[in-house]
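Results of the structural survey
Each chain, written out:
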Amino acid sequence: MKQVRVAVIGAGIWGAAHIRAYSQHASAELMAICDLDEGRARDAAATWGVANYYTSVDAMLADVELDAVSVATPDGAHAAVAIQCAQAGKHILCEKPLATTIEDCQAMIAAAEAAGVYLMVDWHNRWNPPHHEASKAISAGELGDVRYIYYRLSDTIYVPTTMLPWAGESSVMLFLGSHALDTICWFMQARPCRVTCRRQDGILRAMGIPTADMYLTVVDFDDGAMAVVENSWVLPQSSPALIDHRVEIIGSDGVIYLDPQHCGPIAKYTDKTPAGFPDASLPDMFITPQVHGRQVGFAVESIYHFVECVRDGKRPITSGEDGLLNTRLILAAERSADEGGKPVDID
Ligand SMILES: NC(=O)c1ccc[n+]([C@@H]2O[C@H](COP(=O)([O-])OP(=O)(O)OC[C@H]3O[C@@H](n4cnc5c(N)ncnc54)[C@H](O)[C@@H]3O)[C@@H](O)[C@H]2O)c1
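Conventions and cut-offs
- Residues numbered from 1 in each chain as written.
- Predicted model: local features only at pLDDT ≥ 70, side-chain atom pairs only at ≥ 80, totals over all residues.
- Heavy atoms only, no water.
- Axes fitted to C-alpha atoms, helices over the stretch in contact; angles between N-to-C directions.
- Helix = DSSP H or I, 4+ residues; strand = E, 2+ residues; numbered from the N terminus.
- Parallel < 35°, antiparallel > 145°, perpendicular 65-115°, else oblique.
- Contact = heavy atoms within 4.5 Å.
- Nonpolar A, V, L, I, M, F, W, Y, C, P; charged D, E, K, R; others polar.
- Near = heavy atom within 4 Å.
- Polar contact = N/O pair within 3.5 Å; in protein donor to acceptor, adjacent residues only side chain to side chain.
- Areas by Shrake-Rupley, 256 points an atom, 1.4 Å probe, with all protein chains shown as cover.
- Domains from an automatic or database assignment.
- Salt bridge = Lys/Arg side-chain N within 4 Å of Asp/Glu carboxyl O.
- Buried < 20%, exposed > 50% of the residue type's maximum accessible area, 1.4 Å probe, protein only.
- UniProt positions renumbered as here; feature names shortened; annotations may be inferred.
- Pairing = 2+ DSSP bridges.
- Buried area = accessible area lost by both parts, 1.4 Å probe.

The name an unreviewed UniProt entry gives the protein chain is Gfo/Idh/MocA-like oxidoreductase N-terminal domain-containing protein, with marine sediment metagenome as the organism.

Observations concerning the packing of helix H4 (residues 78-87) against helix H5 (residues 102-115)
Remark: H4 packs on H5, axes separated minimally by 9 Å, with the N-to-C direction vectors making an angle of 10 degrees. Classified by the interaxial angle, the pair formed by H4 and H5 is roughly parallel. Each of His78, Ala79, Ala82, Ile83 and Ala86 in H4 lies in contact with H5, whose residues at this interface are Asp104, Ala107, Met108, Ala111, Ala112 and Ala115. Counted by class, the contact of H4 with H5 contains nine nonpolar, one polar and one charged residues.

Focus: the site of the ligand
Around the ligand sit 23 residues, and of these Trp14, Asp35, Arg40, Asp75 and Trp166 come closest. At 3.2 Å from an oxygen atom of the ligand is found a side-chain nitrogen or oxygen belonging to Lys96. In the complex, the protein chains occlude 90% of the 860 Å² of accessible area that the ligand would expose alone. Contributing elements (two or more residues each) for the shell around the ligand: helix H1 (13-24), H4 and helix H8 (172-188). Broken down by element, the shell around the ligand gets its largest block of residues, three residues, from H1. Residue classes in the shell around the ligand are distributed as 10 nonpolar, seven polar and six charged. The two domains that each donate at least three residues to the shell around the ligand are domain 1 (4-121) and domain 2 (125-284 + 326-345).

Comments concerning the pattern of salt bridges
Applying the stated rule across the entire model yields 18 salt bridges. The salt bridge involving Arg147 is made with Asp145; its shortest N-O contact spans 3.4 Å. Exposure remark for Arg147: the relative accessible area of 30% places this residue in the partly exposed category. Measuring nitrogen to oxygen at the nearest pair gives 3.7 Å for the salt bridge that ties Arg152 to Glu230. Of this pair, Arg152 sits in strand S7 (residues 146-155) while Glu230 sits in strand S10 (residues 226-232), placing them 78 residues apart in sequence. Within the structure, one salt-bridge network assembled from shared partners comprises Arg152, Glu230, Asp244, Arg246 and Asp259.

Some thoughts on the environment of Asp75
Among the secondary structure elements, Asp75 is positioned in the loop between strand S4 (68-71) and H4. You can call Asp75 buried: its relative accessible area is 5%. It is 7.8 Å that separates the C-alpha atoms of Asp75 and Glu95, two residues lying 20 residues apart in sequence. In this structure, Asp75 is in contact with Lys96, Pro97, Thr100, Trp166, Ser170 and Leu174, ignoring residues within four places of it in sequence. In this structure the side chain of Asp75 is engaged in a polar contact, spanning 2.9 Å, whose partner is the side chain of Ser170.

Observations regarding the UniProt feature "domain: Gfo/Idh/MocA-like oxidoreductase N-terminal" (unreviewed entry) in the protein chain
Here the UniProt-annotated "domain: Gfo/Idh/MocA-like oxidoreductase N-terminal" (unreviewed entry) positions come out as residues 4-122. The distance from the first to the last C-alpha atom of residues 4-122 is 18 Å, and the span holds 45% helix and 23% strand.

Considerations on the side chain of Asp182
Secondary-structure assignment places Asp182 in helix H8. Residue Asp182 is classed as buried on the basis of its relative accessible area of 4%. A distance of 2.7 Å separates the side chain of Asp182 from the side chain of Arg126, its partner in a polar contact. Non-local contacts of Asp182, meaning those with residues more than four positions away in its chain, are made with Trp123, Arg126 and Asn326.

A word on the sheet that holds strand S2 (residues 28-34)
Overall, parallel pairing links the six strands, which are arranged S3-S2-S1-S4-S5-S6 in an open sheet. For this open sheet the edge positions go to strand S3 (52-54) and strand S6 (119-121), each flanked by a neighbour on one side alone. The average undirected angle you get between the axes of adjacent strands in this sheet is 25 degrees. In terms of strand pairing, S2 meets S3 through three bridges, oriented parallel. Across the sheet, the residue bridging to Cys34 is Tyr54, located in S3.

Some details on the UniProt feature "domain: GFO/IDH/MocA-like oxidoreductase" (unreviewed entry) in the protein chain
Per the UniProt entry, the sites bearing "domain: GFO/IDH/MocA-like oxidoreductase" (unreviewed entry) are residues 132-256 in this numbering. For residues 132-256, helix accounts for 28% and strand for 37%, while the C-alpha atoms at its two ends are 12 Å apart.

Examining the domain arrangement of the protein chain
Interface size is often expressed as the accessible area that is lost when the parts come together. What the domain assignment lists for the protein chain is domain 1 (4-121) and domain 2 (125-284 + 326-345). One C-alpha centre belongs to domain 1, the other to domain 2, and the line joining them spans 26 Å. Across the boundary between the two partners, domain 1 contributes 13 residues, which contact 13 residues of domain 2. When the area that domain 1 buries against domain 2 is broken down by residue, the three leading residues are Asp75, Lys96 and Ile102, summing to 45%. Counting the contacts that link domain 1 with domain 2 gives zero salt bridges. Here the side of domain 1 that touches domain 2 gets three residues from one element, more than from any other, and that element is H5.

Next comes the structure, spelled out in structure tokens:
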């Protein structure tokens with residue numbers, strides 16, 4: 001069976017999920033890790049027994065034979081790295097959002113097309129079992145005509161204040177809104193045509209982190225359906241889980257409720273639980289839990305999908321074009337919020 005030779009660029013929190021997934025997949029050979037921070041690259045390579053580590057993408061591409069890369073750098077640093085790798089003929093799994101500007105998305109798509117390589121965006125909720133079940137039910141017509149989706153995806157304040165050193169250069173709209181907007185488009189099976197958004201500011205800025213606290217976004221679709229998306233980055237540290245994730249889908253013939261975070265297969269309350277520690281009381285059982293030292297969960301499945309697509313020559317189920325539409329929606333939401341909630345049309 002063909003082995004897929006991969007490298008992970010960006011060995012931070014989420015790069016580690018890619019490294020673990022590639023280390024586990026029988027068809028993947030993790031050849032190299034690249035990070036601007038040499039200590040990080042070296043430590044990750046040592047931990048996972050990877051032969052090569054680099055602090056420059058150029059040096060890595062010149063030195064090691066690769067079929068594919070994961071780009072897990074901060075949002076604003078996806079485009080340059082991905083374009084460089086596409087031009088070197090590597091298939092790309094890019095973390096979400098694809099990029100932070102339309103021009104960068106278009107340049108990434110053009111570079112991938114010119115090189116004939118895949119450009120997949122890692123929206124792993126498409127592999128989230130309840131989401132997948134909902135999508136199947138919608139496609140089978142069980143809900144009739146889907147008219148409305150409510151989508152909440154929020155984090156505790158731990159994420160912008162402690163987890164992400166670059167939160168001030170990003171936003172909860174880029175970080176979580178990207179997932180939510182991709183999922184509503186996937187569920188709705190219609191084209192989004194208008195975005196109206198309001199945002200709240202002040203809590204994070206007062207802490208020296210120049211980004212908005214929360215967004216409320218309404219997306220209109222060309223078939224008359226609508227979705228409401230809520231994303232907040234200021235939930236209290238005492239929340240039982242790091243992520244608050246709820247979905248409601250209403251159709252002409254039925255409704256689906258998803259409670260992917262709080263369905264509570266395990267709830268753990270002890271006197272030793274450190275206040276504010278992520279997932280202190282409701283540990284993650286779905287995204288990247290470890291079972292007997294092995295990473296399982298739907299976040300691994302999207303990375304496995306990429307490996308198998310490269311191995312088998314199949315087009316991944318998310319694309320650069322999806323990434324471009326997603327960034328268009330994000331930027332339209334920001335513009336609408338800048339203009340006090342004025343609707344912004346999507347071309
Ligand atoms: N799919 C998900 O649910 C999910 C979850 C968390 C993060 N993410 C995404 O993953 C990406 C990384 O997030 P993170 O939390 O791991 O960030 P992080 O800050 O923990 O890690 C980013 C790493 O990239 C390195 N880096 C920056 N620019 C680089 C470059 N040009 N070349 C090589 N290395 C570079 C940094 O030194 C750092 O080690 C972001 O796009 C984020 O939105 C996705």
